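Chain residues, written in single-letter form:
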Amino acid sequence: SAPTPNQDAIAQCLKRAKEPFRDHPTYYAWLAEEYKRKRGILMSALEAVGMNPINPPGSFFIMADTSGIDFPYDATEVTTAMPATPMPRDWSMSRWMTKEVGVTAIPPSAFYCEANIHLAKDLLRFAFCKGDDTLLEAEKRLKDYFLDSSR
């Protein structure tokens, strides 16, 4: 349990959150719009570079189908954190994107049992619960890398 002063502060915040906030009927309505906007920035960026993102109705994460992206998949690469050998495609792509593109995604197979890892091979999980500067920089890096005609 929380100390009494904290409980009182939280109760006051919960009451205030139901009041109008920044041209929205409540803080919750504003917050939902903010995350929809942030989700839109990342969805558009992923679509622009050839990924097929799945628009989540809730969550802070977008799953994107990466099957249309070619990259140097290295199944021989090993890390103690990965769930299986050889390295799953989603792990390899996530590591490659971090190094080469400068954008980090979460390999969803990290959450799968070993028998089902193959189901995530063409997926990556992207977080949009970030500041606008971070999302816009990710968009720039994705487009600079994948849409650069000299590659």
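Anything mentioned here points back to the structure above.
Reading the values: the criteria
- All residue numbers refer to position in the chain's written sequence, counted from 1.
- Two thresholds apply to this predicted model, a pLDDT of at least 70 for residue-level local features and 80 or more for giving and counting side-chain atom pairs, whereas whole-chain, interface and lining totals are computed over all residues.
- Note that the side-chain values use all heavy atoms of the structure and ignore hydrogens as well as water.
- Helix numbers and strand numbers start at the N terminus; a helix is a DSSP run of H or I with at least 4 residues, a strand a run of E with at least 2.
- We compute the radius of gyration over the C-alpha atoms and compare it with the globule rule, which gives 2.2 Å times the number of residues raised to the power 0.38.
- Note on classification: 1.4 Å probe, protein chains only; a residue is buried when its accessible area is under 20% of the maximum for its type, exposed when over 50%, partly exposed between these limits.
- By definition in these notes, contact holds between two residues if any of their heavy atoms fall within 4.5 Å.
- The charge count treats Lys and Arg as positive and Asp and Glu as negative. His and the chain ends do not count.
- In this description, the location of a charge corresponds to atom NZ of lysine, CZ of arginine, CG of aspartate or CD of glutamate.
- To get an axis, fit a line to the C-alpha atoms, keeping to the stretch in contact for a helix; angles then go from 0 to 180 degrees between the N-to-C directions.
- Roughly parallel refers to an angle under 35 degrees, roughly antiparallel to one over 145, roughly perpendicular to one between 65 and 115, and oblique to any angle outside these ranges.
- Lining residues are defined by having an atom within 4 Å of a point belonging to a cavity or pocket. Those points lie on a 1 Å grid over the protein atoms alone, cavities being sets where a 1.4 Å probe fits but cannot get out and pockets being open sets with protein on both sides within 12 Å along at least five of seven lines.
- Grid points are joined across faces, edges and corners, and a volume is the space filled by probe spheres set on the points.
- In the scheme used here, Gly and all other residues not listed as nonpolar or charged are polar, with Ala, Val, Leu, Ile, Met, Phe, Trp, Tyr, Cys and Pro taken as nonpolar and Asp, Glu, Lys and Arg as charged.
- Paired strands are those between which DSSP finds at least two bridges.

Caption draft 1: Geometry of the overall build of the protein. When helices and strands are counted, the protein shows 4 helices and 3 strands. Its C-alpha radius of gyration of 19 Å places the protein more than 25% over the 15 Å reference for a compact globule of 151 residues. A buried classification covers 36% of the 151 residues belonging to the protein. Sequence-distant contacts, at least 24 apart, represent 47% of the contacts inside the protein between residues at least 6 apart. The protein carries 18 positive and 20 negative side-chain charges, and their two centres are separated by 5 Å.

Caption draft 2: Region of the structure containing the packing of helix α2 (residues 27-48) against helix α4 (residues 132-146). α4 packs onto α2 with a crossing angle of 5 degrees between their chain directions and a minimal axis gap of 9 Å. When the axes of α2 and α4 are compared, the pair comes out roughly parallel. Between α2 and α4, the contacting residues are Arg37, Lys38, Ile41, Ala45, Leu46 and Ala48 on the first element and Asp132, Leu135, Leu136, Glu139, Leu142 and Lys143 on the second.

Caption draft 3: Seen up close, the layout of surface pockets. Quantified by volume, the largest pocket comes out at close to 220 Å³. If you go around the largest pocket, you meet 15 residues; those closest to its centre are Val103, Thr104, Ala127, Lys130 and Ala138. Considering only residue class, the lining of the largest pocket consists of 8 nonpolar, 3 polar and 4 charged.

Caption draft 4: Broad picture of the environment of alanine 115. Locating alanine 115 in the fold gives a position in the loop between α3 (89-101) and β3 (123-127). Relative accessible area serves as the criterion here: at 58%, alanine 115 is assigned to the exposed category. In this structure, the C-alpha to C-alpha distance between alanine 115 and glycine 58, residues 57 residues apart in sequence, is 27 Å.

Caption draft 5: Quick look at the sheet that holds strand β1 (residues 52-54). Reading across from one edge, β1-β2-β3 is the order of the 3 strands in this open sheet, with antiparallel pairing throughout. Looking at strand neighbours, the two that pair on one side only are β1 and β3, the edges of this open sheet. If you compare each strand with its neighbour and ignore which way they point, the axes differ by 30 degrees on average. In terms of strand pairing, β1 meets strand β2 (residues 61-65) through 3 bridges, oriented antiparallel. Paired with isoleucine 54 across the strands is methionine 63, a residue of β2. In the packing of α2 onto the sheet, contacts are made with β1, β2 and β3, and the angle to β2 comes to roughly 10 degrees.

Caption draft 6: Summary view of unusual backbone geometry. Here arginine 22, not a glycine, exhibits a phi torsion of approximately 45 degrees, which is positive. Topologically, arginine 22 is positioned in the loop between α1 (4-16) and α2. Although it is not a glycine, aspartate 23 adopts a positive phi angle of roughly 65 degrees. Structurally, aspartate 23 is set in the loop between α1 and α2.

Caption draft 7: How the structure looks around the packing of α3 against α4. Where α3 meets α4, the axes come as close as 11 Å, and the angle between the chain directions of the two elements is 90 degrees. In terms of orientation, α3 lies roughly perpendicular with respect to α4. Between α3, through Trp96, Met97, Glu100 and Val101, and α4, the contact on the second element is made entirely by Arg141, Leu142, Tyr145 and Phe146. In the contact of α3 with α4, the residues fall into 6 nonpolar, no polar and 2 charged.

Caption draft 8: Spotlight on the pairing of β3. Among the 5 residues in β3, 4 count as buried, and that is most of the element. Here 5 bridges tie β2 to β3, and the two strands are oriented antiparallel to one another. When the bridges of β3 are listed, aspartate 65 appears paired with leucine 123.

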